[in-house]
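Here are the chains, one letter per residue:
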Amino acid sequence: MEQQQIQLTVNGDDHTVRVDPSTPLLYVLRNELGLNGPKYGCGLQQCGSCLVLLEGTARTTCQLPVSAVEDRPITTLAGLSDDNGGLHPVQEAVVEEQAAQCGYCVNGVIITAVSLLEDTPNPSRAEITDRMNQVLCRCGTHARFVRAVQRAAGEMED
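Residue positions within a chain follow its written sequence, with the count starting from 1. pLDDT decides what is reported in this predicted model: residues at 70 or higher carry local features, side-chain atom pairs at 80 or more are listed and counted, and totals for whole chains, interfaces and linings draw on all residues regardless. Hydrogens and water molecules were not included; the side-chain quantities draw on all heavy atoms of the structure.

Hey, could you run me through the packing of aromatic side chains in this one?
Where two aromatic rings form a pair, the distance of their centres and the angle of their planes describe that pair. A pair of Phe, Tyr and Trp rings is counted when the ring centres sit within 6.5 Å of each other, with Trp represented by its six-membered ring. The angle between the planes then sorts it: under 30 degrees is stacked, over 60 is edge-to-face, the rest tilted. One pass over the structure, following the stated rule, counts one aromatic pair. Throughout this description, the term charge over a ring refers to an Arg CZ or Lys NZ atom that lies within 6 Å of the ring centre and within 35 degrees of the ring normal. Sitting over the face of the ring of tyrosine 104, arginine 138 holds its NZ or CZ atom 5.2 Å from the ring centroid.

Rendered as structure tokens:
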């Protein structure tokens, strides 16, 4: 397909990219904008490694055409920190709970947790586990991630 100019708003910044409109958003974020938080995992929208916040909701990007997100706010892992480089409470909690092992799923876990806490500021353990099921973690640190989300919820509540 012929390349077109696409307007994107990523992490609060406007970008114009010239790509095939059917290109998955993941490739545009990584290859055109240099944002490497979202990762290629399964390529089937099943593992959660490629998640971003699209209008505040966690959304896979490995099959999402870039043309479908034009002029819609996208937030990546890098966009969660504040202007001074301070981490989002979920990022801080993941560090505090030493939840990251190989790091492959961390993007998806953090994006999912931020989305969950936007929808449900004080989620139950079952709600956290249910939402985290969309992210595949091969290291088996689910319990630490659940504690991290609970910690972040408590800190965001204060």
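From this point, the discussion proceeds with the structure in view.
Please clarify how the packing of helix 3 (residues 106-119) against helix 4 (residues 125-132) should be interpreted in this entry.
Axis angle and axis distance: for two packed helices, these are the angle between their axes and the distance between the axes, and together they describe the pair. Running from amino to carboxyl end, helix 3 crosses helix 4 at an angle of 135°, the nearest separation of the two axes being 10 Å. Accordingly, the angle class assigned to the pair helix 3 and helix 4 is oblique. As helix 3 runs across helix 4, the sense of the crossing is right-handed. Listed contacts from helix 4 to Val109, Thr112, Ala113, Ser115, Leu116 and Asp119 of helix 3 are Glu127, Ile128, Arg131 and Met132. Residue classes follow a fixed rule: Ala, Val, Leu, Ile, Met, Phe, Trp, Tyr, Cys and Pro count as nonpolar, while Asp, Glu, Lys and Arg count as charged, and any other residue, Gly among them, counts as polar. Per-class residue counts for the contact of helix 3 with helix 4 are five nonpolar, two polar and three charged. Note on method: axes are straight lines fitted to C-alpha atoms, helices fitted across the in-contact stretch only, with angles between N-to-C directions ranging 0 to 180 degrees. Only DSSP runs of H or I covering at least 4 residues are called helices, and only runs of E covering at least 2 are called strands; the numbering of each starts at the N terminus. Angular relationships are summarised with four words: roughly parallel below 35 degrees, roughly antiparallel beyond 145, roughly perpendicular across 65 to 115, and oblique for the angles in between. Note: crossing handedness is left-handed where the near helix turns anticlockwise from the far helix by less than a right angle, and right-handed where it turns clockwise. Any two residues having at least one pair of non-hydrogen atoms within 4.5 Å are treated as being in contact.

Is there a simple way to think about a negative patch on the surface in this case?
Like charges within 9 Å and nonpolar side chains (Val, Leu, Ile, Met, Phe, Trp, Tyr) within 5 Å are joined into patches, using only residues over 30% in relative accessible area that form no salt bridge. Accessible surface is estimated by sampling points in the Shrake-Rupley manner with a 1.4 Å probe; for residues, cover comes only from the protein chains shown. Take a side-chain nitrogen of Lys or Arg and a carboxyl oxygen of Asp or Glu: if they are within 4 Å of each other, that pair is a salt bridge. Under the counting rule used here, the positive set is Lys and Arg, the negative set is Asp and Glu, and His together with the chain ends is not counted. To locate a charge, take NZ of a lysine, CZ of an arginine, CG of an aspartate or CD of a glutamate. Residues Glu92, Glu155, Glu157 and Asp158 make up a contiguous surface patch of negative charge. Tracing the backbone shows glutamate 157 in helix 5 (residues 142-157). In this scheme, a residue with accessible area under 20% of its type's maximum is buried, one over 50% is exposed, and one in between is partly exposed, where area comes from a 1.4 Å probe on protein chains only. Classification of glutamate 157 as exposed rests on a relative accessible area of 56%.

Explanation requested: the state of the cysteines in the structure shown.
Think of a disulfide as a covalent bridge from one cysteine sulfur atom to another cysteine sulfur atom. Two cysteine sulfurs form what is called a disulfide whenever their separation falls within 2.5 Å. Taken as a whole and assessed by the stated rule, the structure comprises zero disulfides. Here cysteine 47 is not cross-linked by a disulfide; its sulfur's nearest cysteine counterpart is in cysteine 42, at 3.8 Å. With no disulfide of its own, cysteine 105 has cysteine 137 as its nearest cysteine by sulfur position, at a separation of 3.7 Å.

Before we go on, may I ask you to explain the pairing of strand 1 (residues 4-10) in this structure?
The two faces of a sheet get side chains in turn, since along a regular strand they alternate between them. As defined by bridge partners, strand 1 adjoins strand 2 (residues 13-19) across seven bridges and the pair is classed as antiparallel. In the strand pairing of strand 2, threonine 9 is matched with aspartate 14. Note: two strands are recorded as paired if DSSP finds a minimum of 2 bridges between them. In sequence, strand 1 turns back onto strand 2 through a hairpin of two residues, with asparagine 11 there showing a positive phi of about 55°. Pairing of strand 1 with strand 5 (residues 73-75), which is carried by two bridges, proceeds in the parallel orientation. The partner of threonine 9 across the bridge, within strand 5, is proline 73.

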